[in-house]
Amino acid sequence: MKLSRNDTCWCGSNKKYKKCHLEFDAKLEQLKKQGYKIPTRKMIKNEEQIEGIRQAAIVNNGLLDHIEAHIKAGMTTEEIDQMTNVYLAKHHARSADLNYQGYPKSICTSVNDEVCHGIPSKDVVLKEGDIINVDATTDLNGYFADASRMFMIGNVSKEAKELVEITRLCLYKGIESVKPWESCVGDIGAAIQEFAEANGYSVVREFCGHGVGLSMHEDPYVFHFKPNEPTEVLVPGMVFTIEPMINAGKKEIHLKEDNDWTAYTDDGSLSAQWEHTLLVTEEGVEIISK
Ligand code: MF3
Ligand code: CO
Ligand code: CO
């Protein structure tokens, strides 16, 4: 449907189209003519939504800071889950993970060769030398923020340290590739893959970054490798995660029979992941949750 200048904008701002996304749509139309794949309207957040996501991110970041301050050898991953429940309740927020497609806990804790979606357990005791990814998604008043960090427990091997640091740099290569009105989602993946492989690591293919904000997982898919398909051009108002999973060995992964969630590297090599929630702005890109 074509909107007139004085109609209410499609974005939900309640502003007139001419004062809101009219110019934006004209720019997108130009890019489309040039052959770009353009994002759907659902991928574009308005100011009110962005503010809601920012508030959720404050809690999500605070939760990860809190875990960072307390995580140590001898602690079980179940205790990280309990800390999460207490922290989120205190901040009037909710874990988006809990009961998500049957997921049984409030946070993901993936240790060593676990790639992602490790389920907190009283049987998993952190020990000196472990590396662990803690991935939190917070729902505050229906707005979502998603981020994960790596933690090194005590002294870890040089190999583990390097993997953790290169993986963090992979995320930042992806972030730096974002050029509003210019680069595409697929450029993020290409940048990550190039850097990971140049360092002798491999990129997990089965899990992607994703749009986020009004729910935990939205379009678009954000690949961490160079996709073989056209991808959306990046424009202001898009909110999504970048969350590369990088293996020290081969890229192949598997699940185990007893749990449909946790992914492991096939070759038993270490895996690391960092995740930020990002907002594309007119000027560039802003890190919202980290
Ligand atoms: N936080 C994860 C992500 O980065 C998703 C959590 S899956 C769940 O997309 F099962 F734990 F909810
Ligand atoms: Co995510
Ligand atoms: Co996450």
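Worth saying up front: this structure is predicted, and the values here are computed from it rather than measured.

**Q** Where do I start with the coordination of the cobalt ion (ligand 2) in this structure?
**A** Octahedral six-donor coordination of a metal ideally yields angles of 90 or 180 degrees, compared with 109.5 degrees for tetrahedral four-donor coordination. Around the cobalt ion (ligand 2), the donor atoms from the protein are D146 (OD), H210 (NE2), E243 (OE) and E275 (OE), and they sit 2.0 to 2.1 Å away. Geometry at the cobalt ion (ligand 2) is irregular, judged from the six donor atoms that bind it and their angles of 51 to 163° at the metal. Donor residues binding the cobalt ion (ligand 2) come from one chain and are separated in sequence as D-x63-H-x32-E-x31-E. Taken as an interatomic distance, the gap from the cobalt ion (ligand 2) to the cobalt ion (ligand 3) is 3.3 Å; D146 donates to each of them. Here E275 lies in the loop between β13 (271-273) and β14 (276-280) and E243 lies in the loop between β9 (239-242) and β10 (245-247), a separation of 32 residues in the sequence. Each member of the pair, E243 together with E275, is buried.

**Q** Would you explain the coordination of the cobalt ion (ligand 3) in this entry?
**A** Protein coordination at the cobalt ion (ligand 3) comes from D135 (OD), D135 (OD), D146 (OD) and E275 (OE), with a distance range of 2.0 to 2.4 Å. Positions of the donor residues of the cobalt ion (ligand 3) along the chain correspond to the pattern D-x10-D-x128-E. A residue is classified by how much of its surface remains accessible, and D135, at 8% relative accessible area, is buried.

**Q** How do you make sense of the packing of helix α4 (residues 158-176) against helix α5 (residues 185-198) when you look at a structure like this?
**A** What describes two packed helices is the angle between their axes and the distance between those same axes. α5 packs onto α4 with a crossing angle of 150° between their chain directions and a minimal axis gap of 8 Å. Taken together, the axis directions place α4 and α5 in an arrangement best described as roughly antiparallel. With respect to the hand of their crossing, α4 and α5 are arranged in right-handed fashion. Residue-level inspection shows I166, L169, C170, K173 and G174 of α4 in contact with α5, the latter providing I188, A191, I192, F195 and A196.

**Q** Just to check I follow, could you spell out helix α3 (residues 77-90) for this structure?
**A** Since the α-helix packs 3.6 residues into each turn, any two residues three or four apart lie on the same face. Compared with an ideal rise of 1.5 Å per residue, which puts 14 residues at 20 Å, α3 spans 20 Å between its outermost C-alpha atoms and is within 8% of the ideal. Within the span of α3, buried status applies to T77, E78, I80, D81, M83, T84, Y87 and L88. Trailing α3 by a residue or two, H92 shows a phi angle of about 55°, which is positive.

**Q** Mind showing me how you'd approach the environment of K226 here?
**A** Inspection of the secondary structure assignment puts K226 in the loop between β8 (218-222) and β9. On the accessibility criterion, K226 (57% relative accessible area) is exposed. In this structure, the C-alpha to C-alpha distance between K226 and R54, residues 172 residues apart in sequence, is 29 Å. Ignoring anything within four residues of it in the chain, the contact list for K226 reads G189, A190 and Q193.

**Q** Sorry, what's going on with the nonpolar core here?
**A** Note that soluble globular proteins tend to have their nonpolar side chains buried in a common cluster. By size, the foremost hydrophobic cluster in this structure holds 41 residues, and its most contacted members are W10, I188, V235, M238, F240, I242 and I246. Put simply, the parts of the chain that give this core at least two residues each are α1 (22-33), α4, α5, β9 and β14. The element that contributes the greatest number of residues to this core is α4, accounting for seven residues. Beyond its immediate sequence surroundings of up to four residues, F240 is in contact with V178, I188, H210, G211, V212, V222, L234, H276, T277, L278 and V280.

**Q** Got a minute to help me understand the sheet that holds β13 in this structure?
**A** Strand pairing in a sheet relies on backbone hydrogen bonds, with the paired strands running either antiparallel or parallel. Spatially, β6-β10-β13 is the arrangement adopted by the three strands of the open sheet, whose pairing is antiparallel. Of all strands in the sheet, those bounded by a partner on one side alone are β6 (202-203) and β13. Both β6 and β10 contribute to a ladder of two bridges, which runs antiparallel. Directly across from V203, in β10, lies its bridge partner I246. Against the sheet, α4 contacts β10 and β13, and its axis sits at roughly 40° relative to β13.

**Q** I tried to follow the packing of helix α2 (residues 47-70) against α3 on my own but got confused; where do I start?
**A** Viewed as axis vectors pointing N to C, α2 and α3 meet at an angle of 140°, and their least axial separation amounts to 10 Å. For the element pair α2 / α3, the angle class is oblique. Remark: the crossing between α2 and α3 carries right-handed chirality. Residue-level inspection shows V59, G62, L63, H66, I67 and H70 of α2 in contact with α3, the latter providing I80, M83, T84, Y87 and L88. Within the contact of α2 with α3, the residues separate by chemical class into seven nonpolar, four polar and no charged.

**Q** So what exactly am I meant to see when it comes to the packing of aromatic side chains here?
**A** The description of two aromatic rings rests on the distance between their centres and on the angle between their planes. What the rule picks out here adds up to five aromatic pairs. Consider the rings of F24 and W181, whose centres lie 5.3 Å apart with planes at 70°: the pair is edge-to-face. Within this pair, whereas F24 is found in helix α1, its partner W181 is found in the loop between α4 and α5, the two being separated by 157 residues in sequence. The residues F24 and W181 share a single accessibility class, namely buried. Each ring, one from Y221 and one from F223, has its centre 6.2 Å from the other, and the planes form 25°; the classification is stacked. Note on F223: relative accessible area 12%, which makes it buried.

Definitions and cut-offs
Residues numbered from 1 in each chain as written. Chains lettered and ligands numbered in written order. Predicted model: local features only at pLDDT ≥ 70, side-chain atom pairs only at ≥ 80, totals over all residues. Heavy atoms only, no water. Donors = N, O, S within 2.8 Å, 3.2 Å for Na, K, Ca; no water. Tetrahedral: all angles 85-135°; square planar, octahedral: opposite > 155°, others 65-115°. Helix = DSSP H or I, 4+ residues; strand = E, 2+ residues; numbered from the N terminus. Buried < 20%, exposed > 50% of the residue type's maximum accessible area, 1.4 Å probe, protein only. Axes fitted to C-alpha atoms, helices over the stretch in contact; angles between N-to-C directions. Parallel < 35°, antiparallel > 145°, perpendicular 65-115°, else oblique. Left-handed = near helix turned anticlockwise from the far one by under 90°. Contact = heavy atoms within 4.5 Å. Expected span 1.5 Å × (residues − 1). Core = buried A, V, L, I, M, F, W, Y, C linked by side-chain atoms within 4.5 Å. Pairing = 2+ DSSP bridges. Nonpolar A, V, L, I, M, F, W, Y, C, P; charged D, E, K, R; others polar. Phe/Tyr/Trp six-rings, centres within 6.5 Å; stacked < 30°, edge-to-face > 60°.

In short, shape yes, function no, at least from these values alone.
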